[in-house]
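Read off the chains here:
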Amino acid sequence: MTAPVLDAPRWRQGAAQCLGMLTVDVDVRVEPFDYASGSPATAGLWKVTASSAEGTPVQVFAKLLRHPRLWPRLTDLPPPARDQFVREFPWTFEYDLHLSGIAAAMPDGLRTAELYRADRLDDDHLLLWWEFVVPRETGWQDTDLVRAARLLGSMAARRREGAEVNRGLPPSCLLPRGFALRMLAQYQVLGVVAPRLHDPALWRTPALAAALEVLADPDLPADMVDLAERVPRLLDLMDGLPQTYHHGDASPQNLLLDSSSDEIIVIDWGMGTLQAVGFDLGQLLVGLMHAGQQDPDDAARLAAPLVDAYTAGLAEGGLSTDAATVRTGFLAALACRSALTALPLDRLDEPDTPELRAHLNDRLRLTRAMLDLIRDGLPAAD
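The following paragraphs examine the structure supplied in this document. (Residues numbered from 1 in each chain as written. Predicted model: local features only at pLDDT ≥ 70, side-chain atom pairs only at ≥ 80, totals over all residues. Heavy atoms only, no water.)

A closer look at the overall build of the protein
Step number 1: Per the secondary structure count, the protein includes twelve helices and ten strands.
Step number 2: Along the three orthogonal principal directions, the C-alpha set of the protein runs to about 65 × 50 × 45 Å.
Step number 3: The buried share among the 382 residues of the protein stands at 52%.
Step number 4: Look at the contacts in the protein between residues 6 or more apart in sequence, and 72% of them connect residues 24 or more apart.
Step number 5: Summing over all exposed atoms, the protein offers an accessible surface of approximately 17,300 Å²; the carbon and sulfur share of this is 52%.
Step number 6: Here the protein contributes 35 positive and 53 negative side-chain charges, whose respective centroids are spaced 3 Å apart. (Helix = DSSP H or I, 4+ residues; strand = E, 2+ residues; numbered from the N terminus. Buried < 20%, exposed > 50% of the residue type's maximum accessible area, 1.4 Å probe, protein only. Contact = heavy atoms within 4.5 Å. Areas by Shrake-Rupley, 256 points an atom, 1.4 Å probe, with all protein chains shown as cover. Lys, Arg positive; Asp, Glu negative; His and termini not counted. Charge placed at Lys NZ, Arg CZ, Asp CG, Glu CD.)

What follows is the structure in structure tokens.
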């Protein structure tokens, strides 16, 4: 099935209803967002600006979700995994979580975006109309990252295993601890990435070989392979740590610094099952680095302050856990989710260009920064 037609009448009607208008006699401008297709569920993002003769123009953020069987990269998964992924991937999760009352778990300073309406277009598509948040122009500073870590810790404490606020969570959350990360690690990290890391031909790809030579880090390929072999043990290690529900994809891109207040606004919820304390810190730390908006060399400097702030947030929310436990959960999750997937292996078939080499060099630097954090912060005997 192809995506439903999103034509002018549909945009006008949806925008009018979001704005509380009884008429669809509104002018609408629809601007697509350029976005990386990281989530299998995301089929499109738009800024919708609507205005009538009587009112001030208002902006709405529209997001189209699709069933995972329509994900263009489904064939990247090993054949045995595809059917299970299509059956089990919770593609309507962010809407289901909104309906669960997640806003009640937010500490002061953190809030969810407002959802105006949800349109079920067909069995495979859901169009969500969200509040359009204008981010602060100055962007993320170190102090913002530390504040976000504290708020994420406070939220995680409120949502700890067994907490009353979790009673309304959707069924996709009520799976064994660590389930979502295990599925990602099994299918993407161990099923797709690790086999390629073992193949010497990968590292002879001209652009990647050139970028690695510039980095002057000949040990990096072997270090990545060694970490891949540790992933199953690290997943088991996390299962033994205190468990909470997290944001699940807490990169700064999904934590908007509101230009009109001091609040951080949460969007695009990620992995929904119980995870070890510290889980959200991985994406918070490397999200901007992954997007090329922050130097990977900052990772070593920022890691400890983020752990300390998150640990303090846990305590504020009523969950006392030491920083060493939080660090273990943070780094183990980083190892199983991000440290082996920063290299854009899907781009290695592109022509060898200076731009591609520079991009690969940046991602190799980020990979090395994550590997060093994990090496220094986690004992080799997991």
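Considering the sheet that holds strand E9 (residues 264-266)
Step number 1: Ordered by their spatial adjacency, three strands build an open sheet running E4-E9-E8, and the pairing between neighbours is mixed. Both outer strands of the open sheet, strand E4 (110-112) and strand E8 (255-257), are each paired with one neighbouring strand and no more. For this sheet the average axis-to-axis angle between neighbouring strands, irrespective of direction, equals 35°.
Step number 2: For E8 and E9, the ladder comprises three bridges, and the chain directions are antiparallel. Its bridge partner lying in E9, Leu256 is registered against Ile265.
Step number 3: Contacts from helix H4 (residues 142-158) reach E4, E8 and E9 within the one sheet, and its direction differs from that of E8 by about 130°. (Pairing = 2+ DSSP bridges. Axes fitted to C-alpha atoms, helices over the stretch in contact; angles between N-to-C directions.)

What about the nonpolar core?
Step number 1: Membership of the largest hydrophobic core comes to 91 residues, with the highest contact counts inside it found for Trp203, Leu255, Leu281, Leu284, Leu285, Tyr310 and Leu340.
Step number 2: If near-sequence neighbours (up to four positions away) are discounted, Leu284 is found in contact with Leu145, Ala148, Ala149, Leu152, Ala250, Ser251, Pro252, Leu255 and Leu306.
Step number 3: With 14 residues, the next largest nonpolar core counts Ala41, Leu128, Trp130 and Leu256 among its residues. (Core = buried A, V, L, I, M, F, W, Y, C linked by side-chain atoms within 4.5 Å.)

Function-wise, these values are silent; they only describe arrangement.
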